[in-house]
Amino acid sequence: MSELTLSAVRLGVLVLLWLFIFSIVGVLRSDLYGTRIVHRSARGRNTIRPTRSSPTRPRRGFSILAVVDGQMRGTTVPLREAGVLLGRNPECTLILDDDFASGRHARVYYDDKSWYVEDLGSTNGTHVNGERIDAPTPLTDGTQLRIGATVLELRR
């Protein structure tokens, strides 16, 4: 093998090694900091809008889930019949930027005539009006839902 070919192979291996290192750093960075998906509305508040694949049905009672305290204060999510998934995982409806939230932390869903919150086996638990829950719990007007440092409330 000529020296030029050997140098080209060494350079190619070095480039592949650096690409591998950058990809590892990118994966670690996304795991540590998570994915942040926020849409700005005209009023300057953070809003996550429903997609066409998840239609909302007009009904009396609550229509949005609002973050009232924490880093994401002002963020709102429309309530859907299928439920709203809360957590740090990018597949969640509301992605929480909270170190004490699990990947799939809790679910808010509609059953018969009331909205319920259910903890999905999170490490730090879900709290309703200051008490940790371990079973689906109904949410009423003024009920505060706390996940880590984030406080949420159902609104009309």
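Described below are features of the structure shown in this document. (Residues numbered from 1 in each chain as written. Predicted model: local features only at pLDDT ≥ 70, side-chain atom pairs only at ≥ 80, totals over all residues. Heavy atoms only, no water.)

Quick look at the overall build of the chain
Quick reminder of the rule: Helix and strand assignments come from DSSP, with helices taken as H or I runs of at least 4 residues and strands as E runs of at least 2, each series counted from the N terminus. Residue exposure (1.4 Å probe, protein chains only): buried if accessible area is under 20% of the type maximum, exposed if over 50%, otherwise partly exposed. Only heavy atoms enter the contact rule, under which two residues are in contact if any of them lie within 4.5 Å. Accessibility throughout is a Shrake-Rupley quantity obtained with a 1.4 Å probe, and a residue counts as covered only by protein chains that appear here.
Within the chain, the regular secondary structure consists of one helix and 13 strands. Shown N-terminal to C-terminal, the secondary structure of the chain runs as helices and strands in the order α-β-β-β-β-β-β-β-β-β-β-β-β-β. Relative to its full complement of 156 residues, the chain shows a buried share of 35%. A sequence separation of at least 24 residues applies to 38% of the contacts in the chain between residues at least 6 apart. Here the chain displays about 10400 Å² of accessible surface, and carbon together with sulfur accounts for 54% of that area.

Focus: the pairing of strand β3 (residues 64-69)
Under the convention used in this document: Strands are treated as partners if at least two bridges between them are detected by DSSP.
Here three bridges tie β3 to strand β4 (residues 76-78), and the two strands are oriented antiparallel to one another. Its bridge partner lying in β4, Ala 66 is registered against Thr 76. Pairing geometry for β3 and strand β13 (residues 150-155), over five bridges, is antiparallel. Within the sheet, the bridge partner assigned to Leu 65 lies in β13 and is Leu 154.

Examining the nonpolar core
Quick note on the threshold: In plain words, nonpolar cores are sets of buried Ala, Val, Leu, Ile, Met, Phe, Trp, Tyr and Cys residues tied together by side-chain atoms within 4.5 Å.
Counting 22 residues, the largest nonpolar core has Leu 86 and Val 108 as the members making the most contacts within it. Looking at this core, the elements that each hand over two or more residues are β3, β5 (84-87), β7 (106-111), β8 (114-119), β12 (144-147) and β13. Residues within four places of Leu 86 in sequence aside, it is in contact with Leu 65, Cys 92, Leu 94, Leu 96, Arg 104, His 105, Ala 106, Val 108, Leu 145, Ile 147 and Leu 152.

So, the environment of Ala 149
Along the chain, Ala 149 falls in the loop between β12 and β13. In the structure, Ala 149 is positioned 49 residues away from Phe 100 in sequence and 7.3 Å away in space, judged by C-alpha atoms. In this view, Ala 149 contacts Asp 69, Gly 70 and Asp 98; residues no more than four positions away in its chain are not counted.

Overview of the packing of aromatic side chains
We apply this condition: Pairing of aromatic rings covers Phe, Tyr and the six-membered ring of Trp, with a centre-to-centre limit of 6.5 Å; geometry is then stacked below 30 degrees between planes, edge-to-face above 60, and tilted otherwise. Either the NZ atom of lysine or the CZ atom of arginine qualifies as a charge over a ring when it sits within 6 Å of the ring centre and within 35 degrees of the ring normal.
Taken as a whole and assessed by the stated rule, the structure comprises three aromatic pairs. Geometry around Tyr 109 places Arg 107 over its ring, the cationic atom sitting 4.1 Å from the centre. The residue whose ring lies beneath Arg 156 is Phe 62, and the NZ or CZ to ring-centre distance is 4.9 Å.

Here's the deal with the sheet that holds β7
In space, the five strands of this open sheet follow the order β6-β5-β7-β8-β11, with mixed pairing throughout. Since the sheet does not close on itself, it has two edges, and those belong to β6 (94-95) and β11 (137-139), each with one partner. With six bridges joining them, β7 and β8 adopt antiparallel strand pairing. Paired with Asp 111 across the strands is Ser 114, a residue of β8.

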